[in-house]
Structures are given as structure tokens and as C-alpha cells.
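What follows is each chain in one-letter form.
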Amino acid sequence: MKKQGFVKNNHAVAGVIEFLLIIALIAIVLSMIQVYYIPEIMNQREADHMDDVANQFSYLKSIIDLQGMTKEDVPISSPLTLGSMEIPYFVTARATGQIEVIEDEHYNIRIDGDALKIPLTSIRYSANNWYYVDQVYSLEGGGIILKQPDGEVMKIEPSITVENLTLTVPKKINIYYDIPIIVGMPGKNITGGYKSCFVRTNYSSTYCESDGDYFLRNVGIDITITTEYPTAWNDMLEELLENNVNYVLGPDYVEITKKDGISINFYYKYIYIYAQISPGWIK
């Protein structure tokens, strides 16, 4: 009768250990990528997306300005990218955004109290980022405002021209303002998500003097702008009007008042622009 014996296979055990070590190494490398590199990549991706939004808002403003100048009822669709996608196979989140037409009666431009009240409408985009700082772009009163947690700034000024005649007699400042009034369509004034959408705008009418010139308002006391972005408006006005007026900055308004000996003439016209946000259009 033969005696059977068992021989240890050290090569097989070594192969299993080597395989487990390779799996562990791959897991460590993937973990390092997930923890250290993926957040940087996603942060840059969201930052690039916000740069795209800035360019798209600049394009939207140029279209609205062009429609107001030509006074032609030709609908034009301006693209806007709402968010950015996640990275496949890694633990990431997609950024989203929301765009809407704001027609809040609380926001307005008032001359001498309630003697003249002008609507201050806007098209506002709000970003919901996971890695990059949240930002808001608002095309308000014809200007583009950027707001984020650390502050706000008027990136592109509205169509305001200031004629400084304080060296003449009598001393005066002439302010010319082409005011776009954005009119949203019910059911087509807000959308959100991460995909691209379109903002369709078309010229409606201009409200001014019959010969096409501006209305004139002699400012007796003050001009008050009630807005969600008072600091941005205040900084812009200080740059345009310098030290020729007095400034008052409140939590939701900025006010300019006359200085002794300097009169203010406010020339204005309304330019009505209809805006619809995709999908679909209403004629």
C-alpha cells in the first residue's frame, strides 16, 4: 500500500498575496485621486462653466442693446449653459443653475420720492455649485452684475451716459439712461437644471418723446435705486458721477442727492423687451 503525502504550493500562495497587494495599491491610488485631484478638477470645471455664463450674459446684453437700438421686432435666441456634468466612475456631483425673469415691484428707480417710479427688471441666473463658489449673474437695468458671498460688482455698465457740466454756469449734471424693461411671459419665465437652454428676446416698443428723444425730469431732491445689489449700483454711480452728488447706501437701496449749486437733469426712455425662457415659445 502506497503512502500519500501533501506538498505545500508556496508559489500559489505568493500569487494570491501579490494579487491582493496589487488590488490594495490600485485602491490607494484611486482613493488619492478621489480625495486630492478630483475636487481640483471639478473646481476648475465649475469655474470654466461660470466663465461661459459670463460670456453668455455679455452676449445676451449685446442682443438686447441691439434690439433696443434697431427697434426691429426680430426674435433672437441667446444660449445659456445652466450647469456642468459630473465625472463618470468617480464620486462627483453635477452643478446646476436656474434662470428667471424678475419683475418685482419692490425693485425700482424713484425720482423725488414717488414722483416718478421706473421698474427695475432683470434676467437672473443663480448657480448651485458643489466645488466652486456659488455665483449670481443678473442683467438688471441693462447692466450685468456679478454677486457672490464675498461681494458684488457691476461687470458691465448699463446704457447710462453722464454729461458733467459742473464747470459751467449754472452748474449741472445731465444723466441719459436707456432703460430696458424686461417683460416675461407667464409659464415661460423660469427654468433650471444642468443642460443648456435659450433666452428668446424680441423688441416690443420704446416709450419716450414723440420725436424720439428722451423724457426730461429735473431732479428736485434725490434719485433712489431699490435693488438686490445696492453696493454694485453705488460703486458704479460713484465712478460715473464722482463727487458731484451725495451718496447714501442702504441695505437694499442706493440714493444720490443733490449738492448745493449743482442741478441734475435726468433724461430717460423706456425700451420694452419681451423675454421667454425655453423650452418652447409663445407667439
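Residues numbered from 1 in each chain as written. Predicted model: local features only at pLDDT ≥ 70, side-chain atom pairs only at ≥ 80, totals over all residues. Heavy atoms only, no water.

Caption draft 1: Region of interest: the pairing of strand 15 (residues 245-249). The pairing of strand 15 with strand 16 (residues 253-258) spans 5 bridges and is classified as antiparallel. When the sheet's bridge partners are listed, Leu249 is paired in strand 16 with Val254. In sequence, strand 15 turns back onto strand 16 through a hairpin of 3 residues. (Pairing = 2+ DSSP bridges. Helix = DSSP H or I, 4+ residues; strand = E, 2+ residues; numbered from the N terminus.)

Caption draft 2: Main features of empty space enclosed by the protein. Tallied over the entire structure, the rule returns 2 cavities of 30 Å³ or more. Empty space within the largest cavity amounts to approximately 120 Å³. Lining the largest cavity we find 13 residues, and of these Ile175, Ile223, Ile225, Leu237 and Phe266 sit closest to its centre. Elements with a minimum of two residues in the lining of the largest cavity: strand 9 (160-165), strand 10 (171-184), strand 14 (222-226) and helix 2 (230-241). With 4 residues, helix 2 is the largest single contributor of residues to the lining of the largest cavity. Across the lining of the largest cavity, the residue classes break down as 13 nonpolar, no polar and no charged. Approximately 30 Å³ is the volume found for the second largest cavity. Forming the boundary of the second largest cavity are Ile102, Tyr107, Ser122, Arg124, Ser138, Glu140, Glu228 and Tyr229. Going through the elements one at a time, strand 5 (122-128) and strand 6 (136-140) are the ones with two or more residues in the lining of the second largest cavity. Per-class residue counts for the lining of the second largest cavity are 3 nonpolar, 2 polar and 3 charged. (1 Å grid on protein atoms, 1.4 Å probe; cavity = no way out; pocket = protein on both sides within 12 Å on 5 of 7 lines; lining within 4 Å. Points joined across faces, edges and corners; volume = space filled by probe spheres on them. Nonpolar A, V, L, I, M, F, W, Y, C, P; charged D, E, K, R; others polar.)

Caption draft 3: Inspection of the sheet that holds strand 6 at higher detail. Across the sheet, 6 strands lie side by side as 8-7-6-5-2-11; this open sheet has antiparallel pairing. Unpaired on one side and paired on the other, strand 8 (151-156) and strand 11 (190-193) mark the two borders of the sheet. Direction aside, neighbouring strands of the sheet carry axes that sit 15° apart on average. In the sheet, strand 2 (residues 96-102) pairs with strand 5 via 7 bridges, with the strands oriented antiparallel. For Thr96, the partnering residue across the bridge sits in strand 5 and is Asn128. Sheet strands in contact with helix 2 are strand 6, strand 7 (143-148) and strand 8, and its direction is about 50° off that of strand 8. (Axes fitted to C-alpha atoms, helices over the stretch in contact; angles between N-to-C directions. Contact = heavy atoms within 4.5 Å.)

Caption draft 4: The arrangement of the environment of Thr227 in detail. Among the structural elements, Thr227 can be located in the loop between strand 14 and helix 2. Between the C-alpha atom of Thr227 and that of Ile23, which follows or precedes it by 204 residues, the distance is 58 Å. When sequence neighbours within four positions are dropped, the list of residues in contact with Thr227 reads Tyr107, Leu120, Glu140, Trp233, Asp252 and Tyr253. Side-chain polar atoms of Thr227 contact the side chain of Glu140, separated by 2.7 Å. Only 3.0 Å separates the side chain of Thr227 from the backbone nitrogen of Tyr229, close enough to count as a polar contact. (Polar contact = N/O pair within 3.5 Å; in protein donor to acceptor, adjacent residues only side chain to side chain.)

Caption draft 5: Structural context of the pattern of salt bridges. Scanning the model with the defined rule gives 4 salt bridges in all. Between Lys61 and Asp65 there is a salt bridge; the shortest N-O distance is 3.0 Å. Of this pair, Lys61 and Asp65 both sit in helix 1 (residues 10-70), 4 residues apart, roughly one helical turn. Counted as one network, the salt bridges with shared partners bring together Glu100, Arg124 and Glu228. (Salt bridge = Lys/Arg side-chain N within 4 Å of Asp/Glu carboxyl O.)

Caption draft 6: Local environment of the sheet that holds strand 16. Spatial strand order, 4-3-14-16-15: 5 strands in an open sheet with antiparallel pairing. Looking at the sheet topology across the chains shown, the edges are occupied by strand 4 (116-119) and strand 15. When the angles between neighbouring strand axes are averaged without regard to direction, this sheet yields 15°. Two elements, strand 3 (residues 108-111) and strand 14, share 4 bridges in a ladder whose sense is antiparallel. When the sheet's bridge partners are listed, Asn108 is paired in strand 14 with Thr226. The strands touched by helix 2 within the sheet are strand 14, strand 15 and strand 16, with strand 15 carrying the most contacts at an inclination of about 170°.

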